[in-house]
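Examining the three-dimensional arrangement
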Amino acid sequence: MVSTVGEKKVVHGACPHDCPDTCAMLVTVEEGRAVKVEGNPDHPFTQGTLCGKVSDYLDRVYSADRILYPMRRVGPKGSGQFERISWEAALDEIHDRFEQIINQYGAEAVMPCSYLGHEGLLNGLTVGDPFFNRLGATITERTFCISCTSTAYLMTYGPTYGTDPDTFKHSKYIILWGCNALSTNVHLWSFIQEARQNGAKLVSIDPVRTRTAKQSDWHIPIRPGTDGALALGLMNVIINENLVDQDYVEKYTVGFAELKERAQEYPPEKVAKITGIPVADILTLAREYATTQPSVIRIGVALEKQAGGGQGIRAICCLPALVGAWRHLGGGMLQAPMWPFPIRWDVVHRPHLIQPGTRVVNQWQLGRALTGEIPLDPPIKALFVYNCNPVTQAAEQEKILAGLAREDLFIVVSEHFMTDTADYADIVLPATTQVENLDLMFSWGHTYVTLNLPAIEPLGEAVPNTELFRRLAARMGFEEEFFKTSDEQLTLEVLDWSAPVMQGVDMELLKSQGYAKLKIDPVPHTEGNFPTPSGKCEFMSSMKVDGNFVLPAFRQGYEEYEPGAAIDPLPDYIPQRESAQSNPELAKRYPLNLLSAKSHQFINSCFANLPKHSKLQGEPRVIIHPEDAAIRGISNGQIVKVFNDRGTFQVPAIVNNMTCPGVVVAPLGYWRKLSCAGTINAATAATFTDMGHAAAVGDALVEVTVTS
Ligand code: SF4
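Quick caveat: nothing in here was measured; it's all calculated off a predicted structure.

Before going further, it helps to spend a moment on the overall build of the protein chain. Along the protein chain, the regular secondary structure elements total 23 helices and 28 strands. For the protein chain, the spread of C-alpha atoms along the three principal axes comes to 70 × 65 × 50 Å. Within the span of the protein chain, comprising 708 residues, buried residues form 58% of the whole. Relative to all contacts within the protein chain whose residues are 6 or more apart in sequence, the contacts with residues 24 or more apart total 76%.

Quick look at the pairing of strand β4 (residues 33-39) now. Of the pairings in the sheet, the one linking strand β3 (residues 24-30) to β4 comprises six bridges and is antiparallel in character. By the bridge assignment for β4, V27 is matched with V37. Here β3 folds back onto β4, and the loop between the two strands holds two residues, one of which, E31, carries a positive phi near 50 degrees.

The next thing to look at is the pairing of strand β18 (residues 427-430). Here β18 shows no split at all, with I427 and L429 on one side and V428 and P430 on the other all buried. Relative to β18, strand β5 (residues 71-73) runs antiparallel, the two sharing two bridges. Pairing of R72 across the sheet is with I427, part of β18. Note: strand β17 (residues 410-415) against β18, four bridges, orientation parallel. Bridging from a neighbouring strand, V413 pairs with V428 of β18.

On to the environment of A394, then. In this fold, A394 is placed in the loop between α16 (390-393) and α17 (397-404). Taking the C-alpha atoms as reference, A394 lies 9.8 Å from I680; in sequence the two are 286 residues apart. Sequence-distant contacts of A394, that is, excluding residues within four places in its chain, are made with Q363, W364, L366, G367, I400 and N681.

Taking 1.5 Å of rise per residue, 14 residues should cover 20 Å, and helix α8 (residues 227-240) covers 20 Å from first to last C-alpha, within 8% of that figure. For α8, a buried count of twelve out of 14 residues is recorded, marking the element as mostly surrounded by other parts of the structure. Regarding α8, the residues found buried are D227, G228, A229, L230, A231, L232, G233, L234, M235, N236, V237 and I238. Residues of α8 that are buried sit in contact with β9 (173-177), α10 (256-263), α11 (268-275), α12 (279-291) and α13 (309-322). Once α8 finishes, N242 follows within two positions and takes phi at roughly 55 degrees, a positive value.

In terms of domain boundaries, the protein chain breaks down into domain 1 (71-142 + 344-432 + 458-496), domain 2 (147-338 + 524-560) and domain 3 (584-706). Using only C-alpha atoms to locate each centre, domain 1 and domain 2 end up separated by 37 Å.

All right, on to the sheet that holds strand β2 (residues 8-14) then. Sheet architecture is open: four strands sit in the order β1-β2-β3-β4, paired in antiparallel fashion. Two strands in the sheet have a free side with no partner beyond their single neighbour: β1 (3-5) and β4. The average undirected angle you get between the axes of adjacent strands in this sheet is 25 degrees. The sheet contact formed by β2 and β3 spans seven bridges and is antiparallel. Within β3, the residue paired with G13 across the bridge is M25.

Looking now at helix α18 (residues 465-476). Taking 1.5 Å per residue as the helical rise, α18 with its twelve residues ought to reach 16 Å, and the 16 Å between its terminal C-alpha atoms agrees with that figure. Where α18 is concerned, the buried positions are N465, T466, L468, F469 and L472. Buried residues in α18, looked at end-on, bunch into an arc of 160 degrees, giving them a common side. In this structure, the buried side of α18 is in contact with α2 (87-105), α3 (129-135), β16 (382-386), β17, β18 and α19 (487-493). Positive backbone phi, at 85 degrees, marks G477, one or two positions downstream of α18.

This part is about the nonpolar core. Of all hydrophobic cores here, the largest spans 226 residues; its most connected members are L234, V622, V642 and V664. The residues touching V622, leaving out its near neighbours within four places in the chain, are V640, V642, V651, A653, V664, V665, A666 and V704.

Okay, unusual backbone geometry next. Cis geometry is found at the peptide bond from Q293 to P294, where omega equals 0 degrees. Following the sequence through the fold, P294 ends up in the loop between α12 and β13 (295-299). Of note, the amide linkage connecting D377 to P378 takes the cis form, showing an omega dihedral of 5 degrees. Along the chain, P378 turns up in the loop between α15 (366-371) and β16. In this structure, N387 takes a positive phi of about 55 degrees despite not being glycine. According to the C-beta neighbour criterion, N387 is buried, with 25 such atoms within 10 Å. Phi at N604 is positive, roughly 55 degrees, even though this residue is not glycine. Looking at where N604 falls in the secondary structure, it is placed in the loop between β23 (592-597) and α22 (611-617).

Mapped onto the fold, D420 is located in the loop between β17 and β18. Classification of D420 by C-beta neighbours within 10 Å gives buried; the count is 27. Each C-alpha atom of the pair D420 and G80 lies 8.9 Å from the other, and the pair is 340 residues apart in sequence. Contacts of D420, omitting those with residues within four sequence positions, involve N389, V391, T392, W671, R672 and K673.

Before going further, it helps to examine the packing of α8 against α11. In a packed pair of helices, the relevant descriptors are the angle between the two axes and the axis-to-axis distance. In the contact formed by α8 and α11, the axes pass within 9 Å of each other and the chain directions differ by 160 degrees. For the element pair α8 / α11, the angle class is roughly antiparallel. Both α8 and α11 take part in a crossing whose hand is left-handed. Residues A229, L230, G233, N236 and V237 of α8 form the contact with α11, whose participating residues are P268, V271, I274 and T275. Of the residues contributing to the contact of α8 with α11, the split by class is six nonpolar, three polar and no charged.

Conventions used here
Residues numbered from 1 in each chain as written. Predicted model: local features only at pLDDT ≥ 70, side-chain atom pairs only at ≥ 80, totals over all residues. Helix = DSSP H or I, 4+ residues; strand = E, 2+ residues; numbered from the N terminus. Buried ≥ 20, exposed ≤ 12 C-beta atoms within 10 Å, placed from the backbone. Contact = placed C-beta atoms within 7 Å. Pairing = 2+ DSSP bridges. Expected span 1.5 Å × (residues − 1). Domains from an automatic or database assignment. Axes fitted to C-alpha atoms, helices over the stretch in contact; angles between N-to-C directions. Arc of directions from axis to C-beta. Core = buried A, V, L, I, M, F, W, Y, C linked by C-beta atoms within 7 Å. Parallel < 35°, antiparallel > 145°, perpendicular 65-115°, else oblique. Left-handed = near helix turned anticlockwise from the far one by under 90°. Nonpolar A, V, L, I, M, F, W, Y, C, P; charged D, E, K, R; others polar.

Shown next, in the form of C-alpha cells:
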C-alpha cells in the first residue's frame, strides 16, 4: 500500500500481461472502486508510464462483458448460449464429468491448456500444475514462444541475465534484432533514447519496417528466417578483417577454431543472396558493430519462429563474445533476463506428483491432438482452459475448432470474457483481474521482483486462479496440505528468499515499495564467468542438447522426454521449411511468406474485444508489398483471401512498402468472431522449430487473392 487518505487509497500493483516490461503499477481506489491505474514513477524501469494497452486497464476490469458468475452451456457448442449456475453446481459438474472420464478412459484423458494470459507466479500458466499432476492428467507442454530462443542462448552462455537493460544507456551501438521494441518492449526504449542522446547508433534488423525500424538510425530489411546466415556473414567479415577481440576469445570462449571454419562458409556475397541485404551493408554492419564498443544486441522472440530459428539465434549469440562486447558496461546481449529469479519450481509445479511415464502433449498442436491427427490413447475427453485462448492463438485454427466442437469433449474455461474458445465451453468460470488478486511477478525483460496487492474486492463471484484450484482440489477430495495454501503463504514459498540475488529483499520491502531489484553484477562477464559447463562462452556447445530439449518453465517433467534429432553443436543457417529453397513445389502454389506481427494495442488476444483498443488498433488486415499487390491486381483496402492448404482468412489488404516483396504481414490477436472471416492462425502450421519445441509460426507460405 502506498497511501490511504480517508476513503481513498493507492495500492501497489504489477502488470500481469505477457510482456517483458512487467510494469509496476499504482492503483487508486475510492470507496471500494478502482478509479485509476498508472505506472509507478519510482520504478526505475517503468518510470511512471504504462503502455497504451494497459493504461485503460480499468475498462477491462469494469467491462459490462466481464464474466462474473459460473455458467453452463445451454445451446449448441460454439453458440455462446449459457445460463448462470452456482459455484457449487459448477464444481459438482466438473467433478462428476472428470470422475466419469477418468473411470472410463484414465486420467490422461484430461488435458489442461494454459498460457500467459497471466504471468504471475501465483496465478500464471503453471498455477494448475499441482492439481493436474495429482489428477494424473496429460502433461501439457507450453512452448508457444521463447523456449527456442532460450535453448539457443543457454547453449552458448548458460543461464545468465546477460546485459542488464538498465545499463543500455551506456551502449554506443545498439542492434534490435527482430525486436519491435516500441510495440513490445516499450520501456527499454527510454534507455535506448538516452544512449542515442549520448551518441549511440540504433540499428534495427527486421523484415518489416515497424514503428521501431522507422525510428532507428538504420533499418536493415532481411528476408524472414535468414538471420543465422547474416550472423555467420558478419562473423566472416569480423574474423577475416581481424576485428576479433583475440584476448577475450582466447581466455573466455571455447570452439573458436571450429566457428572460424564454419564462418568461412558464409562470405558476404553468398549471405547477400540468402538474406537480400547488399554486400556493402553487411560489411558496414560488421565493421561498425565490431569496432564501436560498448555494443549490445537485443534479440526479439520473433527470430525463433522459423524452422532454423534456434541455430540462427545461436549464431547471433556468438557475436558479442567474438568482439569482446561483454567487457563493457552496457555491452553484450539481452535475451530474457529471467534466469536469476530464484523461482521454486518444485513448489510451482509440484512435479513429485507426476506418475512416471505420464504422456506429454504440446498445446501448439492442440488441433491435431483433439482431432485425432496425433493418435492418442486414451483420446482427450476433457480440456481445462485457463489464461489462454487457443482458437486465436494456436496454429491450424480449423482443426482446433473441429476439436472443440466435438460433443464428446468436456470443456471448462476460466476467463474474463467470452472468447472464441470460451464459446465452446461446457462450463465457464469467472476469473479475477489483476486488481482483484494477490500476486508476485518475475520478469523476462528486467531484473526487478514486483508485488501485486489486491486493490479491490473480486467482482461478482470471480476468483483468483489459486482459489479456483483450491476449490477444485477440495471437490476432488485431494487432502494434501499444499492444496490449502493461502495466497499470502504462496508468495513466501514460490521464491527462494535466501538466494544471494535476494539479499536485502523481503516482503516488507516489497509491500512498502512495490518492487525490488535483484542483487546482480551490472557487468557480469568482463572476465568470462559464463554459467556453462566450461565456464566460458561456448561457440561449440558442450550441452547435450537434442531437438526436443525443453526448459522447465515451459514443461515440467522434461527429463523424461524422448530424445529427438541431435543438434549441431556449432551454429549454422537452416533454411525455412516452407520456402522455394526447401520446397519449390509448395512455393509455386504459395509464394508469399506469412508473418504474424504482435499488435500495438493487443497483448496476444487480450484487449481485442474492448472498443477503445479495437478502434486504436484498427481492423484486421494483411500488409502486402506494392510489387506483390500489382501482380495480383490488389488495391489498397480491398478485401483479400489469404490462404494455403491449412486454411483461409479474409481481411482488407494494406498495400505499402512496410514489408519486403515476397513477405505479407498480418497483426496477431484479433478475435475470430469479431473478424471478417478467420484469423491469421487459420494459415499457420503446428510445426516446431529446431530447438525447444517452439512454434514455427513464421514458417508459413500463403497465396493472397482478391475475393470473388
Ligand atoms: S503490457 Fe507491458 S508495457 Fe504495457 S503495462 Fe504491461 S508490462 Fe507495461
